[in-house]
Structure formats: structure tokens, C-alpha cells
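Now for the letters of each chain:
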Amino acid sequence: MSTPNGEKLDKAFAQLDFMVAIDYFVNETSRHANIILPPVSPLERDHYDFTFNNFAVHNVAKYSPALFSKKKNEKHDWQIYLELAKRLDKKVSVATKAERLVIKQLGPKFVLDQGLRRGPYAGMSLKKLKKNPHGVDLGPLKTMLPEALKHKDKLIHLNVNFYQADLVRVQVMMQDYDDSQVLLIGRRHVRSNNSWLHNSYRLVKGKPRCTLMLHPETAAQYGIEDGQDVKVTSRVGSVVIAAEITDELMPGVVSIPHGFGHGRKGVKQKIAQAHAGVSVNDLTDDTLIDRLSSNAAVNGVPVQLEAVEPEDINLEAADLDISDLHTTNSDAEPSSAA
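First, a word on what this report is: a plain description of the structure on this page.

Conventions and cut-offs
Residues numbered from 1 in each chain as written. Predicted model: local features only at pLDDT ≥ 70, side-chain atom pairs only at ≥ 80, totals over all residues. Heavy atoms only, no water. Helix = DSSP H or I, 4+ residues; strand = E, 2+ residues; numbered from the N terminus. Buried < 20%, exposed > 50% of the residue type's maximum accessible area, 1.4 Å probe, protein only. Contact = heavy atoms within 4.5 Å. Pairing = 2+ DSSP bridges. Axes fitted to C-alpha atoms, helices over the stretch in contact; angles between N-to-C directions. Expected span 1.5 Å × (residues − 1). Bend = angle between axes of the 7 residues up to and from the residue. Salt bridge = Lys/Arg side-chain N within 4 Å of Asp/Glu carboxyl O. Core = buried A, V, L, I, M, F, W, Y, C linked by side-chain atoms within 4.5 Å. Patch = residues over 30% accessible without salt bridge, like charges linked within 9 Å, V, L, I, M, F, W, Y side chains within 5 Å. Areas by Shrake-Rupley, 256 points an atom, 1.4 Å probe, with all protein chains shown as cover.

**Digging into the overall build of the protein chain**
- Counting its regular elements, the protein chain contains eight helices and twelve strands.
- Seen along its three principal axes, the alpha-carbon backbone of the protein chain occupies a region of about 65 × 60 × 45 Å.
- A burial count over the protein chain gives 32% of its 338 residues as buried.
- In the protein chain, 66% of the contacts between residues at least 6 apart in sequence involve partners at least 24 apart.

So this is what it looks like as C-alpha cells:
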């Protein structure tokens, strides 16, 4: 559901000769797998953040030990990956084999400890972080400039010509823009991290958040009322979704949040399925590429809108058991697949 033209990818997964997934949920991706290798849950593993510290506004270090001990026959992600590497690629060098053996024996805690000890902060270690469960304040962020710059003049060299040359294309595009065209953009919600949190009842309860947001003028143009189902169609597919009329968007623009679309057959996430929504990536176009980045353009996708009258809806019996939304063990567990 994270890829433009998701239906196309879905069909491709179904045609694979063999597929292995590392997951502890049967979700939209792992349902295609022949074998699922489940790692331990987030509460059964230690955590030291690497990724999101890059976005920090203050310099901190924090280590969070596992809340529960894993069972003897359970494996961490890194243990699964090591075993896969060992079995799939046997023609490796002696040095690689030795490195994998060391990691297997010592584990990531040793690697983390070495990184902390050899870092720029004297006296830092995993032992110190364990003694400070709320983390260690290392002070304000420190600049790495100009030392991090490798140019001899210690200046940042901007490729201005690369961007300026593209302005001509943008000007032509604006001249050809049809103001009657509706463009689709995505959106995020504070209680929704991609698709990970949709199987937690506390985070999906309340009014539905997978809605088609559109401006009152756009709604009036297409005869759409608030809460009415709307068929949204792009080059690659179509979805039916409830309208949410708001002046937070400009006319001619509609918005659908990403990460939803859990109604696919074979998904075994009871709460997520009960709040399935639609996948915006069933509308985004895999052939629509951003010129500058060469990445998929998931915003500004041309779509058509059609108000759906109640009698036009084909109601199908949903094979969902949602009688017990509070007692499933997966309430607080995020999915590892986006």
C-alpha cells in the first residue's frame, strides 16, 4: 500500500513463485508469503534510536531495554537476517563469516556500546545509558559545518542551473493547467503512522479519518454532499470513499490519507479490517514521475469525481468478525510492513 498503483503490485506479488516475509502480522503484503518468519514484538526487544535522532532539536541519547524477555525459541529481526544470509549466500569470504559469527555471539548491544564509547562524548557507554533510563542530555545541537564539507573552499556548492532549467517546464505546465481538473494529494494524521497503527483500537476509534476532503466549491461543482460516497477515478484505478467537505483545502484539490486499505482478502488484522478505508495508492500513478528527483509523484495526481447515489452502492456481505475489538493481543502492536 506504499507504492503507486498498488493494485498492480498486488497482482505481481500474487504471481511470485516463492515469497518469504518477516512479520508478526498477516497483512496486505505478508498475506502473499509462502513462509512468514515472525520476529519478537516491539515490547520484547531493546531500542536505541538512530533514524529519528537525525531529526532531533536537542542532543540526547536514550536506551530503552525490552519490557518483556523473549522466549527461547523466538528470534529478533537481526537473528533472522543473519540466518537468512548464512543459508542463502554460502559463498562468502572468511572475513565475512567471522564478522557474522562475532555479531551472532555478541549481538547489537556490543556494537552499540562500541559506537557510544568511540563517539565524540567522553565517558559515554551503554552502561551509562542503562543507569539513566530517561536518557542523557548532551546539550544543544552542535554544528558540523564547515568541517563536514569536503570541498577545499569549505562552501556548499548549489547546482542552481539544474533547478533553474526546470522552471521553463513548470511555466509551460502552468499555462496548460486546466482549472476544471481535480488534483489528488495525500495527508497524514497524528494518530496514524503509515499503516502501522491501524490495528490499535485506541488509535482508530472515533469518527472515520479515511475520508475524501474537498472544498465546498468543488463539492458544489460535482453535486457532492458532506458524508456522501464519492467515486474517485484516476488512470490506474478507482475507489469509493465518503466525502468530508472543508475549507482547509483550496478548490480543485482533494485529499485522501495514506496507509489505509485493509479490506483486502486474507488480511488477518481484525481491528484494521473493521476500519479498512481505501488505499490512496490504488489511485496514484506509477508512470507519473517527478522530473527533478526521479521519484514517484504521489501528489498532484489528476482524478475524476462522481457522486454516488445510495441506490448505486452494491452492498456485499463483509466477512469480518468485529464483535471483540478490545481483547485482541495485537491492539498495541504496530505492523512492520508499511
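There's more to say after this.
**Brief notes about the sheet that holds strand 10 (residues 238-245)**
- Taken together, six strands build a closed barrel; the order of strands is 7-11-8-10-9-12 and the barrel is mixed. On average, adjacent strands in this sheet sit at an angle of 45° to one another, irrespective of strand direction.
- As paired strands, strand 8 (residues 212-214) and strand 11 (residues 253-255) are joined by two bridges and run antiparallel to one another. Pairing of M213 across the sheet is with S255, part of strand 11.

**Thoughts on helix 3 (residues 94-117)**
- Here helix 3 is 24 residues long, yet its end C-alpha atoms lie only 28 Å apart, well below the 34 Å a rise of 1.5 Å per residue gives.
- Along helix 3, the sharpest change in direction is near 95° and occurs at G107; proline P108 comes one to four residues later.
- For helix 3, the full list of buried residues reads G107, L112, D113 and L116.
- Looking at the buried positions of helix 3, the neighbouring elements they touch are strand 3 (47-48), strand 5 (63-64), helix 2 (77-88) and helix 4 (126-131).

**What to know about the pattern of salt bridges**
- Using the criterion set out here, one finds 13 salt bridges in the structure.
- The partner of R87 in a salt bridge is E83, and the shortest N-O contact between them spans 3.4 Å. Here E83 and R87 lie together in helix 2, a separation of four residues that amounts to about one turn.
- Judged by its relative accessible area of 17%, E83 falls in the buried class.
- Linking D286 and R235 is a salt bridge whose minimum nitrogen-to-oxygen distance equals 3.5 Å. Note that D286 is positioned in the loop between helix 8 (270-274) and strand 12 (301-307) and R235 in the loop between strand 9 (229-233) and strand 10, a separation of 51 residues in sequence.
- According to the relative accessible area criterion, R235 is exposed, its value standing at 57%.
- Among the charged side chains, a salt-bridge network with shared partners connects E7, D10, R31, R264 and D282.

**A closer look at the nonpolar core**
- V232, I256 and L305 are the most contacted members of the largest nonpolar core, which totals 22 residues.
- For this core, the secondary-structure elements that each account for two or more residues are strand 7 (182-185), strand 8, strand 9, strand 10 and strand 12.
- Excluding residues within four positions of it along the chain, L305 makes contact with V182, L212, L214, T218, Y222, I224, V230, K231, V232 and V254.
- One finds Y48, L116, M124 and L126 within the second-largest nonpolar core, a separate group that totals ten residues.

**Examining a nonpolar patch on the surface**
- On the surface, a cluster of nonpolar side chains totalling about 340 Å² of accessible area is made up of V102, L106, F110 and V111.
- Within the element layout of this structure, V102 appears in helix 3.
- Residue classification places V102 among the partly exposed positions, given a relative accessible area of 44%.

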